[in-house]
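Structural description and commentary
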Amino acid sequence: LTRTMLLPTVQLNGDDTVGSGTIVFSGPNEKHEGKQETYALTAYHVVRNILADTPKAQKDGFEVTIYLGSEKLVVKGRMVAAAPKIDAALVQLFTDRKLPHVANVLPRAEGKSVEVWDPVCAVGCPLGNDPVPSNGEISSLSNELNGANYWMINAPTYFGNSGGGIYRADTKQLIGVFSKIYTHGKGNPVVVPHMGLCTPIEQIYAWLATENLDHLLQSSSVPRVDLSQLASPMR
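Bear in mind the structure is a predicted one, so any value in this text is a computation, not a measurement.

Helix and strand content of the chain: 4 helices and 12 strands. On C-alpha atoms alone, the chain measures out to a radius of gyration of 17 Å, which is about the 18 Å that the 2.2 N^0.38 rule sets for 235 residues. Taking the principal axes of the C-alpha coordinates as reference, the chain spans close to 60 × 45 × 40 Å. Scored against the burial criterion, the 235 residues of the chain give a buried share of 51%. For the chain, the distance from the average site of its 20 positive side-chain charges to the average site of its 22 negative ones is 1 Å.

What follows is the structure, given as structure tokens:
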């Protein structure tokens, strides 16, 4: 669980802003003559906010913390592609190291297999903490906002989870990028931590294909397990 979902998580840092991301590629990039490169998915608004409150980040890049289990590695990152409509961004991490923990992305052909009640795990860096997981289910597959559709999850999330990964709990495959959290009321709105929206991975595939970058999503099929059958029998 730690290797497949927690350690691919990175933290994006600005002067007064923090967010999350997920490493989806680290290795020789065939389209760049086999050069060693590393990329992470995140939410567009995370990078937008960092660039807004950290002026030097436009020129020098922003800090990204990589978690290696026994150590942390802080590198510079820069947004190389963005899709504001679906609140998604691709960030290149500038390191010569081939990172050992990369998310297994749900294959594009399996995107429509996600259903309401599917167990999920949300992983991110809420309030600037090191990556933490929370469990829940897919609550809804249809939530239109500003012309884009999002999935709703009920795994507890908070500020700082934005940009983090949403995984299928049974196969540990990345199925979405966390985008928004519901709030209630005006003036001093109350966060509703069990009502979060994520960008579905099939929309990420479609966007990166238009950028000729969909080859950066590393994926392999994993047999599904009925988690309910693993529970202890009632007595």
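Moving on, we get to the side chain of Asn143. When you line up the elements, Asn143 lands in strand 8 (residues 132-145). Engagement of the side chain of Asn143 in a polar contact is seen with the side chain of Ser140, the distance being 3.1 Å. The residues touching Asn143, leaving out its near neighbours within four places in the chain, are Ala148, Asn149, Tyr150, Trp151, Met152, Tyr182 and Leu197.

It is worth spelling out the sheet that holds strand 11 (residues 174-184) at this point. Strands sit in the order 7-8-9-12-11-10 around a closed barrel of 6 strands; the barrel is antiparallel. This sheet shows a mean twist of 45° between the axes of neighbouring strands, independent of strand direction. Both strand 9 (residues 148-153) and strand 12 (residues 190-200) contribute to a ladder of 3 bridges, which runs antiparallel. Its bridge partner being in strand 12, Ile153 is matched across the sheet by Gly196.

Counting buried positions along strand 3 (residues 35-42) yields 6 of 8 residues, so the element is predominantly enclosed. Sheet analysis places strand 2 (residues 18-29) next to strand 3, joined by 8 bridges and oriented antiparallel. Paired with Pro28 across the strands is Gln36, a residue of strand 3. Linking two consecutive strands that pair antiparallel, namely strand 2 and strand 3, is a turn of 5 residues; a positive phi of about 60° is found at Glu33 within it. Summarising the sheet, strand 3 and strand 6 (residues 88-94) pair through 5 bridges and their orientation is antiparallel. For Tyr39, the partnering residue across the bridge sits in strand 6 and is Gln92.

It is worth spelling out the sheet that holds strand 2 at this point. Taken together, the 6 strands give a closed barrel; going around it, the order is 1-2-3-6-5-4, and neighbouring strands pair in antiparallel fashion. In this sheet, neighbouring strand axes are inclined to one another by 40° on average, regardless of whether the strands run parallel or antiparallel. Bridge count between strand 1 (residues 9-13) and strand 2: 5 bridges; the pairing is antiparallel. Paired with Thr9 across the bridge in strand 2 is Thr22. On the sheet, helix 4 (residues 201-210) packs against strand 3, strand 5 (72-83) and strand 6 and is oriented at approximately 65° with respect to strand 6.

Among the residues making up helix 4, those that are buried are Ile201, Ile204, Tyr205, Trp207 and Leu208. The inward-facing, buried residues of helix 4 abut strand 3, strand 5, strand 6, strand 11 and strand 12. Positive phi shows up at Asn212, right after helix 4, with a value of about 60°.

Of all 12 residues in strand 2, 10 are buried; the element is thus mostly enclosed. Hairpin connection, strand 1 to strand 2: the antiparallel pair is bridged by 4 residues.

Taken together, Leu127, Tyr158 and Phe159 make up a surface patch of nonpolar side chains, about 320 Å² in accessible area. Positionally, Leu127 belongs in the loop between strand 7 (119-124) and strand 8. Since its relative accessible area comes to 60%, Leu127 is described here as exposed.

The rules behind each value
Residues numbered from 1 in each chain as written. Predicted model: local features only at pLDDT ≥ 70, side-chain atom pairs only at ≥ 80, totals over all residues. Heavy atoms only, no water. Helix = DSSP H or I, 4+ residues; strand = E, 2+ residues; numbered from the N terminus. Rg over C-alpha atoms; globule rule 2.2 N^0.38 Å. Buried < 20%, exposed > 50% of the residue type's maximum accessible area, 1.4 Å probe, protein only. Lys, Arg positive; Asp, Glu negative; His and termini not counted. Charge placed at Lys NZ, Arg CZ, Asp CG, Glu CD. Polar contact = N/O pair within 3.5 Å; in protein donor to acceptor, adjacent residues only side chain to side chain. Contact = heavy atoms within 4.5 Å. Pairing = 2+ DSSP bridges. Axes fitted to C-alpha atoms, helices over the stretch in contact; angles between N-to-C directions. Patch = residues over 30% accessible without salt bridge, like charges linked within 9 Å, V, L, I, M, F, W, Y side chains within 5 Å. Areas by Shrake-Rupley, 256 points an atom, 1.4 Å probe, with all protein chains shown as cover. Salt bridge = Lys/Arg side-chain N within 4 Å of Asp/Glu carboxyl O.

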